[in-house]
Number of protein chains: 2
Amino acid sequence: MFVLGIDPGLSRCGYGCVEARPEGPRAVAIGVLTTPPGDPLPQRLAELQAELRALLVELAPAVVAVERVFFQVNVRTAMSVGQASGLAMAEAVAAGCEVAQYTPNQVKEAVAGHGAADKEQVQTMVQTLLGLAAPPRPADAADAAALALCHLAHEPTRRAVARAAR
Amino acid sequence: MFVLGIDPGLSRCGYGCVEARPEGPRAVAIGVLTTPPGDPLPQRLAELQAELRALLVELAPAVVAVERVFFQVNVRTAMSVGQASGLAMAEAVAAGCEVAQYTPNQVKEAVAGHGAADKEQVQTMVQTLLGLAAPPRPADAADAAALALCHLAHEPTRRAVARAAR
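Criteria and thresholds
- Residues numbered from 1 in each chain as written.
- Chains lettered and ligands numbered in written order.
- Predicted model: local features only at pLDDT ≥ 70, side-chain atom pairs only at ≥ 80, totals over all residues.
- Heavy atoms only, no water.
- Helix = DSSP H or I, 4+ residues; strand = E, 2+ residues; numbered from the N terminus.
- Rg over C-alpha atoms; globule rule 2.2 N^0.38 Å.
- Buried < 20%, exposed > 50% of the residue type's maximum accessible area, 1.4 Å probe, protein only.
- Contact = heavy atoms within 4.5 Å.
- Areas by Shrake-Rupley, 256 points an atom, 1.4 Å probe, with all protein chains shown as cover.
- Lys, Arg positive; Asp, Glu negative; His and termini not counted.
- Charge placed at Lys NZ, Arg CZ, Asp CG, Glu CD.
- Buried area = accessible area lost by both parts, 1.4 Å probe.
- Salt bridge = Lys/Arg side-chain N within 4 Å of Asp/Glu carboxyl O.
- Polar contact = N/O pair within 3.5 Å; in protein donor to acceptor, adjacent residues only side chain to side chain.
- Nonpolar A, V, L, I, M, F, W, Y, C, P; charged D, E, K, R; others polar.

(A) Structural view of the overall build of chain A. For chain A, the helix and strand inventory stands at five helices and five strands. Mapped in sequence order, the helices and strands of chain A form the string β-β-β-α-β-α-β-α-α-α. Since a compact globule built from 166 residues should have a radius of gyration of about 15 Å, the 15 Å found for chain A is in line with a globular shape. On the principal axes, the C-alpha backbone points of chain A span a range of 45 × 35 × 30 Å. Out of the 166 residues in chain A, the part that is buried amounts to 49%. Contacts spanning at least 24 positions in sequence make up 60% of the contacts within chain A whose residues lie at least 6 apart. As displayed, chain A has an accessible area near 7500 Å², and 54% of this comes from carbon and sulfur atoms. Side-chain charges in chain A split into 14 positive and 16 negative, and the spacing between the mean points of these groups amounts to 5 Å.

This is the structure in structure tokens:
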């Protein structure tokens, strides 16, 4: 099963696709989608939407894990993260994927053991957990892979809850 | 030429389509798209995206005017307005429309003559300018129609600027 993590952003939208295997997770594709900062906002959004759609077709993940953002330094950033995350979630549902959302703290706890982990610790832990030769860069790509790993860490609990509910 | 105003929102996304005519603007369609507040966020976004796409196919506007939001009472609202506006702009570009953005103050100035106009004044002015039997309700629908009227008011200036630039 492929899980695709998305760290939503307009200038850099991180993605990290991880395969769940009995012997441990494997990195399938990690990178960033970018849109030219000089282009008009509507064109950038349409471009990001098309790139996200192409990525979903190419990787065909069962689950898409998206960062759930509550706080932002400023409203301008919140708007642009909101715009990118809205596109990611709508495209994921349209592609038939399950969508899960995790807060930055849940992600850090899942991959680094504590919610106060910094960007570098997250990058190092993603490298270790996926057995990569180098930590994924930029940070947005590592964050996206961490989201996918966070989903895998939460998966057994989710399944148990679903079983108990039946 | 049809101009479609969109007042982005997840629970209620206002739309107002206006036809530019020499004898004055005509209302083509005014209403709101809604998504069930009880549904999971990703499903609601996918639903809104599909409804926006259907609306763009049905009305085939040349221009889509979307509210540009700078300030929000809280980040949660900013995120959800951002998500809805991102979908609206991406779908509009994908449908081949020109996209224009106006701030709430620009819209109020254009339809009511001053940026401090309240919701009721905007509704009344939209009713008057479009010759409607009653003010459009809810406020989101009136705001969307006001966005389209705002674009028509700005259009001569935009054209003059474009001519001067050539």
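(B) Structural view of the environment of Val66(B). All names here are of chain B. As for its position among the elements, Val 66 is in strand β4 (residues 63-67). Counting along the chain gives 59 residues from Val 66 to Asp 7, while the straight-line C-alpha distance between them is 6.3 Å. Those residues in contact with Val 66, other than ones at most four positions away along the chain, are Ile 6, Pro 8, Ser 85, Met 89, Val 99, Ala 100, Gln 101, Tyr 102 and Leu 147.

(C) Spotlight on the interface of chain B and chain A. Contacts between chain B and chain A engage 27 residues on the former and 27 residues on the latter. Across the chain B to chain A interface the summed buried area is about 2100 Å²; carbon plus sulfur atoms make up 71%. Scanning the region where chain B abuts chain A turns up zero salt bridges. Counting across the chain B and chain A interface gives four residue pairs in polar contact (both at pLDDT 80 or more). When residues of the side of chain B that touches chain A are traced back to their parent elements, those giving at least two are α1 (41-59), α2 (75-94) and β5 (98-102) of chain B. With 14 residues, α2(B) is the single largest residue contributor to the side of chain B that touches chain A. Residues that form the side of chain B that touches chain A fall into these classes: 16 nonpolar, eight polar and three charged.

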